[in-house]
Amino acid sequence: MNDPNGPIFYKGRYHMFFQYNPNGAFWGSMHWAHATSPDMVHWKHEPVAIAPTVGGFDRDGVFSGSAVLDGETPTVIYTGVLPAGSTSEVTLDDGRHRWREVQCLATSKDADLRTWQKLPEPIIAHPPNLAITGFRDPGVWREGKEWLLTLGSGVKGKGGAVLLYESRDLRHWTYRHPLIEGQGTGQPAANAVDNGEMWECPDFFALGDRHVLLYATMGKVLWKTGRYGERRFHAEQEGVVDYGAYYAAKTMVDETGKRVLWGWIPETRPEAEYRAAGWAGLMALPRTLSLAADGSLETSVAAVVETLRTDHTRVGNSEDRQEKKRALAAIRIRGLAAELRAEFEGQRAFRLRLRSEKGTLYAEIAYDLQRGELRVNATTGVLRTEGPVSLRVFVDGSALEVCANRRAAITARVYEAPHVPLLVEVSEMEALRSLDVWQMKPISKDRLTT
């Protein structure tokens with residue numbers, strides 16, 4: 001599995017569609033798989049929602065897209081891929097595939113969103129007259145009487161871009177202009193995503209008194225915040241959503257009105273290993289988005305995840321060094337399922353390690369004050385602050401999600417899983433204000449959705 005697609009809250013349940021290859025643990029023949037949940041934590045697999053149509057405009061794959069309600073009708077718009085009839089029709093050329101990308105629409109009439117009826121023809125069959133580097137991953141929203149749609153793209157030799165379309169009925173679309181354009185790196189690449197000349201999976205939405213654009217390129221999900229007017233986006237600040245193994249993010253509005261972010265956690269081991277394992281890819285925990293006082297983007301793992309907490313251990317600020325050491329030494333994380341919250345003094349470097357009882361290192365999380373960097377194992381991200389560092393860590397099998405001060409996030413994969421409990425070590429004990437550790441309850445006996 002990979003990209004999250006069309007997440008939506010409908011008739012009291014959360015629906016997550018996602019890119020899925022039913023033929024094996026490798027990329028290819030993409031379908032929209034489907035899972036449902038009452039709370040964004042406990043999920044149930046549903047039948048595959050949308051599959052390629054033999055001889056259709058999505059014959060080579062049902063790629064990423066969005067879900068909306070058109071009045072009372074659930075509607076999805078997604079990218080279909082098929083062989084190009086000529087060189088001029090090629091919109092996806094990644095060095096291995098040369099495909100034509102079109103935008104397709106399907107609707108559902110059942111309350112469980114299990115069955116979908118496709119329109120026989122694409123709703124957007126050709127790109128505008130630009131030298132584009134891609135034409136996929138529609139995002140859709142409504143403004144007044146009109147629907148707006150964004151597509152991930154770019155202009156050859158110039159950089160990534162988000163194309164903007166508008167419609168009155170979701171079926172007939174008019175291209176307007178780029179919502180925003182970027183600048184290329186000037187580096188050659190067989191795949192324009194690798195050098196930033198193609199922006200995938202754009203997601204554009206209002207948040208607080210600003211607008212936010214998320215997009216994926218060069219292996220990362222990036223964000224921009226700024227002002228939106230006259231159907232153009234003027235970015236003011238930018239950053240990285242997650243510095244680690246995290247891609248193709250997609251947002252939704254939950255039942256309380258919060259903006260929730262979903263992301264795909266890819267494999268970082270060789271393909272031969274995950275083919276042999278029989279599975280590849282997982283969805284990150286839901287994260288809520290907000291704006292900081294300066295207008296930058298903040299992220300935090302959604303509070304609903306806390307419903308999985310069980311046994312709790314706390315190391316408080318009142319203990320002296322020896323008491324802290326004894327309290328830390330007593331902590332055990334079992335089954336690679338835990339949440340940790342740690343508070344560290346401002347203007348202090350620190351290192352927190354998770355190590356097995358046999359001495360094997362599972363993870364090292366470190367803050368370098370001089371460089372303004374957060375590091376999780378071999379991956380680093382920017383974290384500059386003059387105040388304390390608030391660390392939130394989720395251990396879930398081979399997935400490790402780390403957030404600091406709601407500003408920096410790093411998702412890591414750890415494949416050498418110890419079969420004994422983990423210990424918690426802190427090298428700079430004086431810097432530690434407090435540490436809370438909760439054992440987390442898996443959502444099923446095999447850690448999979450039911």
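Refer to the structure presented above.
> Could you give an account of the nonpolar core, naming the residues involved and the relevant values?
Residues Leu 340, Phe 344, Leu 354, Leu 391 and Leu 435 are the most contacted members of the largest nonpolar core, which totals 53 residues. In contact with Leu 340, other than residues within four places in its own chain, are Ile 333, Leu 354, Leu 391, Arg 392, Val 393, Val 395, Val 424, Leu 435, Asp 436 and Val 437. Of all hydrophobic cores here, the second largest spans 25 residues; its members include Leu 207, Trp 223, Tyr 247 and Leu 289.

> Residues and numbers for the sheet that holds strand β1 (residues 4-10), please.
Pairing within the open sheet is antiparallel, and its 4 strands lie in the order β1-β2-β3-β4. For this open sheet the edge positions go to β1 and β4 (44-50), each flanked by a neighbour on one side alone. Neighbour-to-neighbour, the strand axes of the sheet open up by a mean angle of 25°, direction not taken into account. Pairing of β1 with strand β2 (residues 13-20) involves 5 bridges; the strand directions are antiparallel. When the bridges of β2 are listed, Asn 5 appears paired with Phe 17.

> Quick rundown of the packing of aromatic side chains? Include the residues and the values.
With the rule as written, the count across this model stands at 16 aromatic pairs. Taking the centre distance of 6.0 Å and the plane angle of 75° together, the rings of Phe 63 and Trp 99 count as edge-to-face. Here Phe 63, found in strand β5 (residues 62-70), pairs with Trp 99, found in strand β8 (residues 98-107); they are 36 residues apart in sequence, far enough to count as distant. When its relative accessible area of 12% is taken as the criterion, Trp 99 is described as buried. Grouping aromatic residues by their ring pairs yields a cluster made of Phe 17, Trp 32, Tyr 78 and Trp 116. Across the ring face of Trp 279, the terminal group of Arg 269 is positioned such that the distance to the ring centre comes to 5.4 Å.

> Account for the pattern of salt bridges, with residues named and values stated.
By the definition in use, this model includes 36 salt bridges. Of the charged contacts in the structure, one is a salt bridge between Glu 298 and Arg 407, with a shortest N-O distance of 3.6 Å. Placement of the pair is Glu 298 in strand β22 (residues 297-301) and Arg 407 in the loop between β30 (399-404) and β31 (408-413), with a sequence separation of 109 residues. Note that Glu 357 is salt-bridged to Arg 332, the shortest N-O span being 2.7 Å.

> If you had to explain the environment of Asp 70 to someone new, which residues and values would you point to?
Along the chain, the position of Asp 70 falls in strand β5. According to the relative accessible area criterion, Asp 70 is partly exposed, its value standing at 26%. Spatially, the C-alpha atoms of Asp 70 and Val 389 are 44 Å apart, while their sequence positions differ by 319 residues. Non-local contacts of Asp 70, meaning those with residues more than four positions away in its chain, are made with Thr 75, Trp 147, Asp 169, Leu 170 and Arg 171.

> Just give me the short version of the side chain of His 97, but keep the residues and values in it.
Secondary-structure assignment places His 97 in the loop between β7 (92-93) and β8. On the accessibility criterion, His 97 (17% relative accessible area) is buried. Among residues more than four places away in sequence, those in contact with His 97 are Trp 27 and Leu 92.

> Give a description of the sheet that holds strand β12 (residues 159-167) that names residues and reports values.
What the 4 strands build is an open sheet, ordered β10-β11-β12-β13; its pairing is antiparallel. Of all strands in the sheet, those bounded by a partner on one side alone are β10 (136-143) and β13 (174-181). Neighbour-to-neighbour, the strand axes of the sheet open up by a mean angle of 30°, direction not taken into account.

> Pulling in residues and values, what's your account of the pairing of strand β25 (residues 350-356)?
Judged by how many residues are buried, β25 sits mostly within the fold: 5 of 7 residues are covered. In this sheet, strand β26 (residues 361-368) lies alongside β25 in antiparallel orientation, the contact comprising 6 bridges. Considered in β26, the bridge of Arg 351 is made with Ala 366.

> I'd like to hear about the environment of Trp 43, residue by residue, with values.
With respect to the element layout, Trp 43 can be found in the loop between β3 (31-37) and β4. Accessibility expressed as a relative area gives 12% for Trp 43, which makes it buried. Note: C-alpha distance between Trp 43 and Ser 64 (21 residues apart in sequence) is 21 Å. From its side chain, Trp 43 meets the backbone oxygen of Met 40 in a polar contact 3.2 Å long.

The rules behind these values
- Residues numbered from 1 in each chain as written.
- Predicted model: local features only at pLDDT ≥ 70, side-chain atom pairs only at ≥ 80, totals over all residues.
- Heavy atoms only, no water.
- Core = buried A, V, L, I, M, F, W, Y, C linked by side-chain atoms within 4.5 Å.
- Buried < 20%, exposed > 50% of the residue type's maximum accessible area, 1.4 Å probe, protein only.
- Contact = heavy atoms within 4.5 Å.
- Pairing = 2+ DSSP bridges.
- Helix = DSSP H or I, 4+ residues; strand = E, 2+ residues; numbered from the N terminus.
- Axes fitted to C-alpha atoms, helices over the stretch in contact; angles between N-to-C directions.
- Phe/Tyr/Trp six-rings, centres within 6.5 Å; stacked < 30°, edge-to-face > 60°.
- Lys NZ or Arg CZ within 6 Å of the ring centre and 35° of its normal.
- Salt bridge = Lys/Arg side-chain N within 4 Å of Asp/Glu carboxyl O.
- Polar contact = N/O pair within 3.5 Å; in protein donor to acceptor, adjacent residues only side chain to side chain.

Without other data, these values stay purely geometric and don't point to any function.
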